[in-house]
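Below are the chains, spelled out letter by letter.
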Amino acid sequence: MIDRKDIRQHAAELEAALSRRGADVVGPHSAWARVAELDRIQRRLKTELETLQAERNRVSKLIGQKKRQGEDASREIADMSQLADRLRLLQGEARKAEEEFERVLLELPNPPLDSVPDGADEEDNVEIRRWGHPRSDQVPPHFEIGERLGILDFESGARIAGSRFTVLRGAAARLERALIQFMLDMHVDRHGYDEVWVPAIVNRRTMTGTGQLPKFADDLYKLEGEDAYLIPTAEVPVTNLYQDSILDVSQLPIRHCAYTPCFRREAGSAGRDVRGMIRQHQFDKVELVHLTLPERALEDLETLTSHAEAVLQELGLPYRVVELCAGDLGFSAQKTYDLEVWLPSQQRYREISSCSSFGQFQGRRAGIRYRSGKGKPQPVATLNGSGLAIGRCLVALLENGWQPDGSIEIPEVLIPYMGGLQRIANE
RNA sequence: GGAGAGAUGGCUGAGUGGUCGAAAGCGGCACCCUGCUAAGGUGUUACACGGGUUACCGUGUCGAGGGUUCGAAUCCCUCUCUCUCCGCCA
């Protein structure tokens, strides 16, 4: 969430930045105008309320004194009785104003950094670099490869759960597990991450902390009859591990990696990627999460991105890095690099990881702060990135490892994790 | 699911209507003292918001929300969470 003081002190810059990402800033009824207005109203009510409270406290103290000394205080008590009624009224108003302000503020996205390129959507993203040599020969889509090998079972997935669910069999199931294990080992052993295992169900506060709520409730699976949700990414539980706490500066940076299943309703994406397992309601992901000093966030984003890239390089999967333009940025992000892996069947790059800096946006929402020396606690900067999405990685391996005889070559680094299996083939 | 107990500052833990933002201890910080296997002394040490150039002032916060009262950490109601025992279960 945006710093409340900035709404008053840096209104013009904020408005310009928000407008670049297509946020609702135009006109007197925009979220932006409302938030500024509600801030004024709320503060005015609060000042008034506090004046009355000060009066109440002063006289109540006096009453206490008089009573202790055996004096008569009935006149003061009568006065206060009236004041108490007014106080109650004002309290209600002030609370309503505060709630309203919060509600609107929580729906304002993170303003992009100045360095983020202009643009409206995916088309305007900027390619930063490429790695590897994409194959240009004819390769069947992963779902055909997988079905022919009998390792991807879309029919069963649809029958037992619905569309956008897949059953993995045999070598594919093992490959899924191998990838999780391989990525976690790599980030823990070589990149120095602290591994955590976390709940896949979280409460509303947690979902709000990282920015999924209140605005994107439609994208989430909610548990019936409970104020609880299935996580869409490990970012949510892992970042919120530190919600409402004050860290010592010496603890930073904190770097966690975690494997979790992820659940997404894919509400707005009917008709996209309907075949195959590129877009699923449930998928596995290894996630990288950083908590760091605000001034270190950009530097950290480069580091985090390189950690995700290392996975693709080890697996020998060609990819490119693109920087998202302002209009394509996620709600909570101030800057994002997407990693896109080469899919030969589509002859194009597809997103397999998204690495973002959130600045202090999430730190402020989730109440994650740090303190250095005697200074006031400040919101931490948070970052995260997929390292990587397992399902899409599996798709990429099937297609990029595909041989004309229909078999799949397993990358060197995965063979130990596959129990020595070097190739997936029809027996 | 049943029965009971509890939730106070970074931690432990006192506090049953006014002098309590809250004893004490630990931890942290600052200064002082001491030359010996780091001990002692003194002081200081929550967060948020609002006001003021600073010292500072005001308000709120003792799990959350509501109520009683001139006044609530303290009394009442609701909820959440934790712990113990029983049941069930991986």
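Residues numbered from 1 in each chain as written. Chains lettered and ligands numbered in written order. Predicted model: local features only at pLDDT ≥ 70, side-chain atom pairs only at ≥ 80, totals over all residues. Heavy atoms only, no water.

As for the overall build of chain A
At step 1: For chain A, the count of helices and strands is 12 helices and 17 strands.
At step 2: Dimensions of chain A, computed from the C-alpha atoms along their principal axes, are close to 100 × 45 × 40 Å.
At step 3: Looking at the 427 residues of chain A, the share that counts as buried comes to 50%.
At step 4: Put simply, 73% of the contacts in chain A that link residues at least 6 apart link residues at least 24 apart.
At step 5: Carbon and sulfur atoms make up 47% of the accessible area of chain A, which amounts to about 20,700 Å² in all. (Helix = DSSP H or I, 4+ residues; strand = E, 2+ residues; numbered from the N terminus. Buried < 20%, exposed > 50% of the residue type's maximum accessible area, 1.4 Å probe, protein only. Contact = heavy atoms within 4.5 Å. Areas by Shrake-Rupley, 256 points an atom, 1.4 Å probe, with all protein chains shown as cover.)

Considering the protein's contact with RNA strand B
At step 1: Near RNA strand B there are 24 residues, and of these R8, Q53, R56, R95 and R371 occur at the shortest range.
At step 2: Take the atoms of RNA strand B that sit within 4 Å of the protein: sugar and phosphate atoms are 77% of them.
At step 3: Contacts to RNA strand B include R56, whose side-chain N or O atom sits 2.6 Å from a phosphate oxygen.
At step 4: Interatomic distance of 3.5 Å between a side-chain N/O atom of K67 and a base nitrogen of RNA strand B.
At step 5: Where the surface near RNA strand B is concerned, the elements lending two or more residues are α1 (4–9), α3 (31–68), α4 (74–105) and β13 (368–371).
At step 6: By residue number, the principal contributor to the surface near RNA strand B is α3, which donates 11 residues. (Near = heavy atom within 4 Å. Polar contact = N/O pair within 3.5 Å; in protein donor to acceptor, adjacent residues only side chain to side chain.)

Some thoughts on unusual backbone geometry
At step 1: Here the amide bond leading from L252 into P253 is cis, since omega sits at -5°, within 30 degrees of zero.
At step 2: Looking at the element boundaries, P253 is found in the loop between β7 (245–248) and β8 (254–263).
At step 3: Note that the residue after G387, namely L388, is joined by a cis bond; omega there is 10°.
At step 4: Mapped onto the elements, L388 comes out in strand β15 (residues 381–389).
At step 5: Residues other than glycine seldom take positive phi values, yet D273 does so here, at roughly 50°.
At step 6: Structurally, the position occupied by D273 is in the loop between β8 and β9 (282–292).

Re the domain arrangement of chain A
At step 1: The assigned domain composition of chain A is domain 1 (4–105) and domain 2 (122–424).
At step 2: Computed from C-alpha atoms alone, the centre-to-centre distance between domain 1 and domain 2 is 42 Å. (Domains from an automatic or database assignment.)

Some points on empty space enclosed by the protein
At step 1: One pass over the full model with this rule turns up 1 cavity of 30 Å³ or more.
At step 2: By volume, the largest cavity amounts to about 40 Å³.
At step 3: Together, I278, V341, L343, R350, E351, R392 and V395 line the largest cavity.
At step 4: Looking at the lining of the largest cavity, the elements with two or more residues in it are β11 (335–343), β12 (348–357) and α12 (390–400).
At step 5: Looking at side-chain class alone, the lining of the largest cavity contains 4 nonpolar, no polar and 3 charged residues. (1 Å grid on protein atoms, 1.4 Å probe; cavity = no way out; pocket = protein on both sides within 12 Å on 5 of 7 lines; lining within 4 Å. Points joined across faces, edges and corners; volume = space filled by probe spheres on them. Nonpolar A, V, L, I, M, F, W, Y, C, P; charged D, E, K, R; others polar.)

Brief notes about the side chain of D338
At step 1: Positionally, D338 belongs in strand β11.
At step 2: Buried within the structure, D338 lacks any salt-bridge partner; R392 is the closest side chain of opposite charge, at an N-O distance of 7.8 Å.
At step 3: One polar contact links D338 to S354, side chain to side chain, over a distance of 2.8 Å.
At step 4: The residues contacting D338, other than those within four sequence positions of it, are R320, V321, V322, L324, E351, S353 and S354. (Lys, Arg positive; Asp, Glu negative; His and termini not counted. Salt bridge = Lys/Arg side-chain N within 4 Å of Asp/Glu carboxyl O.)

So, the nonpolar core
At step 1: Judged by nonpolar contacts, the single largest core of 55 residues is most densely connected at L179, M183 and L315.
At step 2: Not counting residues within four places of it along the chain, the set of residues in contact with M183 comprises V286, V311, G387, L388, I390 and C393. (Core = buried A, V, L, I, M, F, W, Y, C linked by side-chain atoms within 4.5 Å.)

Topic: helix α5 (residues 142–149)
At step 1: The set of residues buried in α5 consists of H142, F143, I145, G146 and L149. One side of α5 holds all its buried residues, which, seen down the axis, span an arc of 160°.
At step 2: For α5, the elements touching its buried residues are β2 (152–153), α6 (154–160), α12, β16 (408–409) and β17 (423–424).
At step 3: One or two residues past the end of α5 sits G150, with phi positive at roughly 75°. (Arc of directions from axis to C-beta.)

Quick look at a positive patch on the surface
At step 1: A contiguous patch of positive charge on the surface is contributed by K5, R369, R371 and K376.
At step 2: In this fold, K5 is placed in helix α1. (Patch = residues over 30% accessible without salt bridge, like charges linked within 9 Å, V, L, I, M, F, W, Y side chains within 5 Å. Charge placed at Lys NZ, Arg CZ, Asp CG, Glu CD.)

Some details on the state of the cysteines
At step 1: A full pass over the atoms with the stated rule returns 0 disulfides.
At step 2: Lacking any disulfide linkage, C262 is separated from the closest cysteine sulfur, that of C257, by 14 Å.
At step 3: A relative accessible area of 0% places C262 in the buried class.
At step 4: Free of any disulfide, C393 has its nearest neighbouring cysteine sulfur in C355, separated by 13 Å. (Disulfide = S-S within 2.5 Å.)

Details of the packing of α5 against α12
At step 1: Relative orientation of the contacting elements α5 and α12 amounts to 80°, with a least axis distance of 9 Å. With respect to each other, α5 and α12 are oriented roughly perpendicular. Here H142, I145 and G146 of α5 lie close against α12, whose contacting residues are V395, L398 and E399.
At step 2: Residues that form the contact of α5 with α12 fall into these classes: 3 nonpolar, 2 polar and 1 charged. (Axes fitted to C-alpha atoms, helices over the stretch in contact; angles between N-to-C directions. Parallel < 35°, antiparallel > 145°, perpendicular 65-115°, else oblique.)

What to know about α3
The α-helix winds at 3.6 residues per turn, so residues separated by three or four positions along the chain end up facing the same way.
At step 1: Over its 38 residues, α3 extends 54 Å from the first C-alpha to the last, a length consistent with the 56 Å expected when each residue adds 1.5 Å.
At step 2: Listing the buried residues of α3 in full gives A31, W32, V35, L38, D39, Q42, L45, L49, L52, V59 and I63.
At step 3: In the core, the buried residues of α3 are packed alongside α1, α2 (11–20) and α4.
At step 4: G70 sits one or two residues past α3 and shows a positive phi near 75°. (Expected span 1.5 Å × (residues − 1).)

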